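One-letter residues, chain by chain:
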Amino acid sequence: AQTVTQSQPEMSVQEAETVTLSCTYDTSENNYYLFWYKQPPSRQMILVIRQEAYKQQNATENRFSVNFQKAAKSFSLKISDSQLGDTAMYFCAFMSDKLSFGAGTTVTVRA
Amino acid sequence: EAGVAQSPRYKIIEKRQSVAFWCNPISGHATLYWYQQILGQGPKLLIQFQNNGVVDDSQLPKDRFSAERLKGVDSTLKIQPAKLEDSAVYLCASSRRHGVGTTYEQYFGPGTRLTVT
């Protein structure tokens, strides 16, 4: 079974600053997908960014980017120019045959 | 397009009672998932349907949980009898298709918060 580890339970960042969330995973597979999901207090889980393991180039979506290190099994998320609306729980997730989530990191953006 | 719909949004029951949750996926999505999210944890997959067939129910507590997806569209998740540890948010998600070597984004519903007292 795959395990996903998010070692930071909580992170706080000043508005307009940058924050990086860490994620590591354990797998013996070579082909898989990695995701970061955002879950605001409303509970709606929203996909932020995805990365295919066979792609070496790191994915980027506007202010969100990842640092994918396949050999180290690391998949961190960087949020640039943080906005108040970024306040949410962020989950790292691994997918091969099914989606496995980490425990989440609560991100609070301060005005 | 309309998103994944779930009802009810909140439910409070006493232990040993039964409860049912309903999910309507995005139109045309063949794959439907039910997740259990305990407070402070990430979602855990309970069951996955492809059309009206079960693909994975390895983590579904089958002595008390059941789920069905008649006609390959709507789905119902039932708990009977409920235990205190079943208190959680139950999330439904759907995707266009799921298969080896491919993956499609899962779209999540707003969830149902269950409290068992």
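With that settled, consider the state of the cysteines. All names here are of chain A. Taken as a whole and assessed by the stated rule, the structure comprises two disulfides over all chains. Covalent S-S linkage joins Cys23 and Cys92, the inter-sulfur distance amounting to 2.0 Å. Measuring handedness by torsion sign, the sulfur bridge of Cys23 and Cys92 sits at about -70° and is left-handed. Linking Cys23 in the loop between β3 (19-21) and β4 (24-26) with Cys92 in strand β10 (residues 88-95), this pair joins segments that are 69 residues apart in sequence. For Cys23, a relative accessible area of 1% puts it in the buried group.

What follows concerns the interface of chain B and chain A. Size of an interface, as often reported, equals the accessible area lost when the parts are brought together. Taken together, the contact pairs 27 residues of chain B with 19 residues of chain A. Together chain B and chain A conceal approximately 1,800 Å² of surface at their shared face, both sides included; 49% is due to carbon and sulfur atoms. Where chain B meets chain A, there are one salt bridge. In this structure, the salt-bridge partner of Lys98(A) is Asp56(B), at a minimum N-O distance of 3.8 Å. Taken together, the connections running from chain B to chain A amount to two residue pairs in polar contact (both at pLDDT 80 or more). Elements that contribute at least two residues to the side of chain B that touches chain A include exactly β4 (31-37), β5 (44-50), β9 (88-95) and β11 (112-116) of chain B. Taken together, the residues that form the side of chain B that touches chain A break down as eight nonpolar, 15 polar and four charged.

Residue and element names in this part refer to chain B. For β5, the tally of buried residues reaches five of seven residues, placing the bulk of the element in the interior. Relative to β5, β4 runs antiparallel, the two sharing six bridges. Note on β5: the bridge partner recorded for Trp34 is Ile47. Where β4 hands over to β5, the hairpin turn is made up of six residues, of which Gly40 adopts a positive phi near 85°. Direction of pairing for β5 relative to strand β6 (residues 53-56): antiparallel, over a ladder of three bridges. Looking at the pairing, Phe49 lines up with Val54 of β6. From the end of β5 to the start of β6, which pair antiparallel, there are two residues, and Asn51 there has a positive phi angle of about 55°.

Bringing the environment of Ile79(A) into the picture now. Residue and element names in this part refer to chain A. Here Ile79 is to be found in strand β9 (residues 74-79). In this structure the C-alpha to C-alpha distance between Ile79 and Ser65, which are 14 residues apart in sequence, comes to 6.8 Å. For Ile79, the residues in contact, after removing those within four places along its chain, are Glu17, Thr18, Val19, Arg63, Phe64, Asp86 and Tyr90.

About the thresholds
- Residues numbered from 1 in each chain as written.
- Chains lettered and ligands numbered in written order.
- Predicted model: local features only at pLDDT ≥ 70, side-chain atom pairs only at ≥ 80, totals over all residues.
- Heavy atoms only, no water.
- Disulfide = S-S within 2.5 Å.
- Helix = DSSP H or I, 4+ residues; strand = E, 2+ residues; numbered from the N terminus.
- Buried < 20%, exposed > 50% of the residue type's maximum accessible area, 1.4 Å probe, protein only.
- Contact = heavy atoms within 4.5 Å.
- Buried area = accessible area lost by both parts, 1.4 Å probe.
- Salt bridge = Lys/Arg side-chain N within 4 Å of Asp/Glu carboxyl O.
- Polar contact = N/O pair within 3.5 Å; in protein donor to acceptor, adjacent residues only side chain to side chain.
- Nonpolar A, V, L, I, M, F, W, Y, C, P; charged D, E, K, R; others polar.
- Pairing = 2+ DSSP bridges.

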